[in-house]
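Close look at the chain arrangement
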Amino acid sequence: MALFLQRLVDGLAEGSIYALLALGLVIIYRGTGHLNFAQGEMALFSTYTVYQFGEWGVPIGIAVLLGMCVGFVLGAATEVVLVRPISKKSPFAVFIVTIGMFQLLNWLDGAIWGGQQLPSTAMGSKQVKFPSLFPSNPDDYFTVFGAAITWRSFCILALVLVIGAVLYLLFNYTKLGLAMRAVASNSESAKLVGIRTSTVLMFSWGIAAAIGALGGVVFAGLTTNVNQSLMFQVFIYASAAATLGGFDSPGGAVVGGLSIGVIQNLAAGYADEWVGQEMKVGVAFLVILAVLLLRPSGLFGTSKVERV
Amino acid sequence: MSARIIIKSGGRASWAIRAAAAAAVVALLLWIPTRGSDSLIDTCTTAAMLMAAAMSLNLLLGYTGQISLGHSAFFGIGVYTTAIAVTRWGWSPFVTLPVAFAVAFVVGLLVSLPALRIKGVYLALVTLALGLVFPAFIKWPKIEWLTNGSRGLDQTGFKFSKDNPTYELFGWNPWGNLRGQNVKPFYFWVGVLMVVFVYLVCRGVVKSRVGRSLVAIRDNSTAAAVMGVNLAVTKGIVFGLSAAMCALPGSLSAIRTGTVTPDSALLTVAGSITFLVIMVVGGSGSLWGPVMGAIVYQFIIERTGDWSDPDKIPGAVRPLFSWSDVAPGGGIFAMALILLMFFAPFGIVGLWHKLVAKVVTVVPKPAGTTSLVREETAPAES
Amino acid sequence: MTLLRTQGLTAGYGPLTVLEGIDIEVNEGEIVVMLGANGAGKTTTMRAISGVMPRQGIIEYEGRAIQKASPDAIVRGGIAQVPQGRGTFPELSVADNMRAGAYVRRDSAASVQADLEKWFEVFPRLAERHAQRAGSLSGGEQQMLAIARALMSRPKLLLCDEPSMGLAPLITQELFHVIERLNRDEGLSVLLVEQNANLAMHMASRVYLLETGRIVASGSAAELGADDTIRKAYLGF
Ligand SMILES: Nc1ncnc2c1ncn2[C@@H]1O[C@H](COP(=O)(O)OP(=O)(O)OP(=O)(O)O)[C@@H](O)[C@H]1O
Ligand SMILES: [Mg+2]
């Protein structure tokens, strides 16, 4: 029981990171119908900048805020400069452009902060020590029902719940949130009531990338390093979370992210020899396939999903 | 334009141009293995393998509008099918090719079907996950007895021995020899054969009834449904074929290098992106696109491979890249990918068609005559 | 006084030109009705005025040229459109739909809320369903919602694109009464597109007849109704 509780909390903590990235994916998908394949790499780039600010002596808390700003600008600029003009051509072109961003950012990370670029080498690369945002000494834990809960897991979980609450308030109780929901729902009508849809989309991408940046920082803190392949798997977990929750449901993204984290941790914990660290990604893969087979719109999606 | 060149399709001039082009290609193919340097032959062999992989991806994208980020996994299935069959069961390497083809076909079909039933980005997502799972799967402890985990497998290549026959032609052998002294031309020709095979399969699919319905799917799903095409299954089969063809260069890579590890670049998602880059740079939706793309890609990657050392960068572009100690290949192609979408969505081949169209008018044959002429051009921009 | 005037307004979709030079006028306090067969270009005219599609020619509103203005500037200037075929935000609640209608207003949340309640009184059915998702309303209720949403921006000119589409005759009449009342009591000018010529002409100050992107006739309802050829060819009564 204690062990179960411990794994549950650790799973929730990891899952909250996936939830952050999944939230970003969902915000963008709702606004424009695009899946941003560069989401993970945008987060990674911002995470590297947080590391860089830290190197320059900026306190970690402020560095994180600055990193989120970098993420916001990166996301917003991507939407304005690349996605908006290209989406008039075809969805395929947008897909290629996000892949191009994926590749470009990953290469830039390596080029600036050291490492080796993607196509000519394996994914391993030079790692950079990353500070943890939260207490992470071995004895930073408290006990509930005999289970040792680390403060780190607890804080991560709390952070994500706070972010979730902030986003909930933003979506439901602000004018920007109303505009974002209106654009997602019916873009022509949104224009007809005077919403600048282009500005809203720019903000959506910016917010999505800023949340992703936070996810990247927390994850880097959890694994205590940043490297070029840090976000590949996290991106897949986040996509699995969004698929599970429903690609157009922010609440679903959070639930999906937490579930994926828990499923993975329980699977890795109780079936260690089957799952282990290596095949955690296999769990995400199976979840995606299962959701597509059983309930393509996800748990909370409003099923705009079209069958072929 | 006043000075336009007018060529009648199927006319004498048209045939002359075709013959000249064919002769040039054959001459080039003979020149490379006989007169080219060893490194040139190697480059071309690698390019040929990438060509086959990108062609398989192109079949999927160009003719069904579907995208895969998991072709590295099918490439890897080729690599490991061959490696395992050769090292564990002592098969002769080239016999493993059809097996790899079949295995990749089945895996491709099974993995793609759930995603293909649903519109949108799901196939890209599922295949990306597959691309990430594959190396992890190879390293999975439960499967180590077969794959040898992250240590990889050795001795997976073709064994040259002094007893192998030589096939000389008046003392001249453009195909190298099988006795192990001069093997690079041999692999070059295997690569070329593979490209020709994949090309013919793609062409076969494209020109067949299935192919035409595929184009219908790409352009208009409803129309295809009315035509009675079972979309999910047809797409699934094409996906399987595409996966199977991507396994072939994988097998060849295991045979050629003789060792395999799950972390080598083409087996990871980086490989999938490489194939995608090649296809887009060359020109998606045209059969020749991947050929051009692979050649350009491989030459640029090799040319810029040592640019991590600023002194090796030619003067003109030095300021652009000298600030970093990382080779710029990945960045160059990332930017190419983005810029091409803006300025030349159909890649090099698309640009070429545009250029030719500026000075040459091809007069089509009267309707009703059967066409002996290649019909494919870059699809209209939409 | 002229509120809206277009001159040589052309617009189209890609290579296809739909409007081939439309000249219309709406004076303050008028209800102007635009009639025309399916595909004549009525919706296109509305969308061109609202600025949600590329257009050429002159559009003047309160004496200022607005053919280059962005949709949000046009709404802020006081033109609101009720799009054809409902065009609500189906995933949003009824109240949120109406709040979205007030998006361009700069006044306090309290006065927006006051307006919300005012329109809820006019459309009591919406008040009952204020927390329901708009997508779950009936067609008629959605049409009312679309009108209420447009009114939330406090427009001077309402562009109404076939509000009666798919509605029962009784509901249509109810809707038209509301529009007439708004026109009379609040001085709202209306440009109304309608298929139901008979009904619409009763309340029209003036009428335009649109055919394949051109205005082919215009005048007061009585004038057009008196012209036999026009009546037979276009009005069907
Ligand atoms: N999005 C579009 N893309 C291309 N053509 C369009 C589009 N919308 C309308 N059209 C064409 O423009 C023409 C005019 O359409 P419009 O919607 O303005 O007609 P309408 O007068 O409102 O008809 P209705 O009474 O059926 O609503 C039609 O021929 C139509 O086919
Ligand atoms: Mg209409």
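Now for a description of the structure that goes with this document. Source: prediction; values computed, not measured.

**Some points on the overall build of chain B**
Along chain B, the regular secondary structure elements total 15 helices and two strands. The buried share of chain B, reckoned over its 382 residues, is 53%. Excluding contacts between residues fewer than 6 apart, the proportion of contacts in chain B whose partners are at least 24 apart in sequence is 75%. Surface exposure of chain B reaches about 17,000 Å², of which carbon and sulfur atoms provide 67%.

**Notes on the interface of chain B and chain A**
Each partner contributes residues to the interface: chain B has 53 residues there, and chain A has 56 residues. For the pairing of chain B and chain A, the buried interface totals around 5,200 Å² over both sides, and the portion due to carbon and sulfur atoms is 78%. Summed over the shared surface of chain B and chain A, the result is zero salt bridges. Viewed at the interface, chain A and chain B are joined by one residue pair in polar contact (both at pLDDT 80 or more). Contributing elements (two or more residues each) for the side of chain B that touches chain A: helix H4 (96-116), helix H5 (122-138), helix H10 (231-257), helix H11 (269-282) and helix H14 (329-343) of chain B.

**Side note on the pairing of strand E3 (residues 147-150) of chain A**
Residue and element names in this part refer to chain A. Side-chain alternation along E3 places Ala147 and Ile149 on a buried face and Ala148 and Thr150 on a face that remains uncovered. Here strand E2 (residues 141-144) runs beside E3; their pairing, made up of four bridges, is antiparallel. When the bridges of E3 are listed, Tyr141 appears paired with Thr150. Between the end of E2 and the start of E3, which pair antiparallel, lie two residues, with Phe145 showing a positive phi angle near 50°.

**A word on the environment of C:Glu20**
Examined against the element boundaries, C:Glu20 turns out to sit in strand E2 (residues 16-27). As a C-alpha pair, C:Glu20 and C:Leu9 span eleven residues in sequence and 7.1 Å in three-dimensional space.

**A look at the coordination of the magnesium ion (ligand 2)**
Residue and element names in this part refer to chain C. Surrounding the magnesium ion (ligand 2) are the protein donor atoms Thr43 (OG1) and Gln84 (OE1), at 1.8 to 2.1 Å. Residue Thr43 is found in helix H1 (residues 42-50), and its partner Gln84 is found in the loop between strand E6 (79-82) and helix H3 (94-101); the two are separated by 41 residues along the sequence. With a relative accessible area of 23%, Thr43 lands in the partly exposed category. Gln84 sits in the partly exposed class, given a relative accessible area of 30%.

**What about the sheet that holds E2(C)?**
Residues and elements named next belong to chain C. Pairing is antiparallel across the open sheet formed by four strands, whose spatial order is E2-E1-E4-E5. At either end of the open sheet lies a strand with only one pairing partner, and these are E2 and strand E5 (64-65). Across nine bridges, strand E1 (residues 2-13) lies against E2 in antiparallel orientation. Note that in E2 the partner of Arg5 across the bridge is Glu25.

**Some thoughts on the site of ligand 1**
Residue and element names in this part refer to chain C. Around ligand 1, a shell composed of 14 residues is seen, among which Gly39, Gly41, Lys42, Thr43 and Thr44 lie nearest. The backbone of Ala40 places a nitrogen or oxygen atom 3.2 Å from an oxygen atom of ligand 1. In the complex, 60% of the free accessible area of ligand 1, which totals 630 Å², lies under the protein chains. Taken together, the elements giving at least two residues each to the shell around ligand 1 come down to E2 and H1. With three residues, H1 is the largest single contributor of residues to the shell around ligand 1. Considered class by class, the residues forming the shell around ligand 1 number five nonpolar, seven polar and two charged.

**Some points on the packing of aromatic side chains**
For the structure shown, the criterion picks out 23 aromatic pairs over all chains. Look at B:Phe74 and B:Phe239: their rings are 5.8 Å apart centre to centre, the planes differ by 75°, and that puts the pair in the edge-to-face class. Pair noted here: B:Phe74 is in helix H3 (residues 71-89) and B:Phe239 is in helix H10, with a separation of 165 residues, a long-range link. Side by side, B:Phe74 and B:Phe239 carry an identical accessibility label, which is buried. The ring of C:Tyr103 has A:Lys175 lying over it, and the distance from NZ or CZ to the ring centre is 5.3 Å. For B:Arg18, the ring lying beneath its charged end belongs to B:Trp15, and the centroid distance is 6.0 Å.

Thresholds applied
Residues numbered from 1 in each chain as written. Chains lettered and ligands numbered in written order. Predicted model: local features only at pLDDT ≥ 70, side-chain atom pairs only at ≥ 80, totals over all residues. Heavy atoms only, no water. Helix = DSSP H or I, 4+ residues; strand = E, 2+ residues; numbered from the N terminus. Buried < 20%, exposed > 50% of the residue type's maximum accessible area, 1.4 Å probe, protein only. Contact = heavy atoms within 4.5 Å. Areas by Shrake-Rupley, 256 points an atom, 1.4 Å probe, with all protein chains shown as cover. Buried area = accessible area lost by both parts, 1.4 Å probe. Salt bridge = Lys/Arg side-chain N within 4 Å of Asp/Glu carboxyl O. Polar contact = N/O pair within 3.5 Å; in protein donor to acceptor, adjacent residues only side chain to side chain. Pairing = 2+ DSSP bridges. Donors = N, O, S within 2.8 Å, 3.2 Å for Na, K, Ca; no water. Near = heavy atom within 4 Å. Nonpolar A, V, L, I, M, F, W, Y, C, P; charged D, E, K, R; others polar. Phe/Tyr/Trp six-rings, centres within 6.5 Å; stacked < 30°, edge-to-face > 60°. Lys NZ or Arg CZ within 6 Å of the ring centre and 35° of its normal.

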